[in-house]
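# Architecture at a glance
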Amino acid sequence: MSTAHILLLGAIAGATIFLGLPVGRVNTFGPVVRACLSALATGILLFLFWDVLTGAVDPIESALEARRWGRFAWLSGIGTAGFALGLMGLVHYAIWMRRRAGRRVTPMVGPGAAAVDEYRYRRWIDELTPGKQLALLIAVGIGVHNFGEGLAIGQAAAAGSISLAVTLIVGFGLHNATEGFGICGPLAGEGSRPSWAFLGLMGLIGGGPTFLGTVLGQAWSSEAMSVVFFAVAAGSILYVVQELFAVNRRFAHPRLVTWLVLAGIALGFATDFVVTAAGV
């Protein structure tokens with residue numbers, strides 16, 4: 001299979017995230033349906049947390065089992081740093097966004113397009129509802145995770161394991177199709193109706209890195225880089241999961257929410273089992 005075909009399939013694997021995003025445009029859902037969507041998104045993200053954390057820990061455990069103490073210490077260090085960066089980076093970013101909420105945005109003073117672009121970005125952030133802000137954070141966390149998946153696809157292709165690369169593309173494509181619901185969970189929680197442009201941007205942030213990771217993974221193979229990106233993704237997803245749990249508590253349907261969280265986890269594992277059944 002040519003490089004162009006691998007890159008095309010990597011792009012398709014990332015684009016499947018758009019399949020679940022139109023749910024965010026449906027604003028006729030009642031409180032029970034919104035609770036179901038939010039809880040299902042939480043379950044999917046809980047599975048993704050386990051999935052990406054496993055991807056970060058496996059190389060570290062392999063180095064430990066091989067008694068390669070220097071490599072074990074190196075991978076453990078960068079993995080821990082990546083996890084802290086993903087978790088605390090979103091914490092500080094969310095605090096920054098909340099502090100800006102309600103403030104009057106004044107035009108940036110300064111020459112050039114850079115000042116104008118910064119002003120437009122700040123104004124756009126200030127106009128986001130709390131649900132959209134959380135959806136943005138989820139898309140960022142999923143995007144980092146999908147970049148790691150893209151690295152796996154590209155590195156498998158670079159090593160000549162085309163069948164493995166194609167299987168990963170199919171499996172990750174199924175994963176990404178469910179991730180669109182994860183992004184829309186907070187939007188269902190507040191009953192807002194995002195624009196198609198906003199959903200398209202969330203899809204690019206969440207799914208686009210799969211293609212970028214495929215490009216980089218095929219050109220340059222690095223186990224340490226995979227550990228870092230999976231660890232960053234795990235930290236990011238952990239933050240948004242705890243935020244979604246707070247959203248779910250507001251629905252006051254504890255049994256229903258818990259069952260749907262369980263269903264989301266099961267759905268995530270079901271798509272993962274497709275990859276395993278294919279012989280990976």
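Just above sits the structure.
Because the structure is predicted, anything quoted here is derived from the model rather than measured. (Residues numbered from 1 in each chain as written. Predicted model: local features only at pLDDT ≥ 70, side-chain atom pairs only at ≥ 80, totals over all residues. Heavy atoms only, no water.)

Here the focus is helix 5 (residues 130-158). Every α-helix winds through 3.6 residues per turn, so residues three or four apart in the chain are directed the same way. Over its 29 residues, helix 5 extends 42 Å from the first C-alpha to the last, a length consistent with the 42 Å expected when each residue adds 1.5 Å. With respect to burial, helix 5 is a largely interior element, 25 of its 29 residues being buried. (Helix = DSSP H or I, 4+ residues; strand = E, 2+ residues; numbered from the N terminus. Expected span 1.5 Å × (residues − 1). Buried < 20%, exposed > 50% of the residue type's maximum accessible area, 1.4 Å probe, protein only.)

Applying the stated criterion across every chain yields a total of four aromatic pairs. Ring geometry for Phe47 and Trp50: centres 5.7 Å apart, planes at 35°, overall tilted. Placement of the pair is Phe47 and Trp50 together in helix 2 (residues 31-65), with a separation of three residues, close to one helical turn. Among the residues examined, Phe47 registers a relative accessible area of 2% and is labelled buried. Take Trp50: its relative accessible area is 40%, and that puts it in the partly exposed class. Aromatic ring contacts, followed pair by pair, group Phe47, Trp50 and Phe269 into a single cluster. Between Lys132 and the ring centre of Phe198, over which it is positioned, the NZ or CZ distance is 5.5 Å. (Phe/Tyr/Trp six-rings, centres within 6.5 Å; stacked < 30°, edge-to-face > 60°. Lys NZ or Arg CZ within 6 Å of the ring centre and 35° of its normal.)

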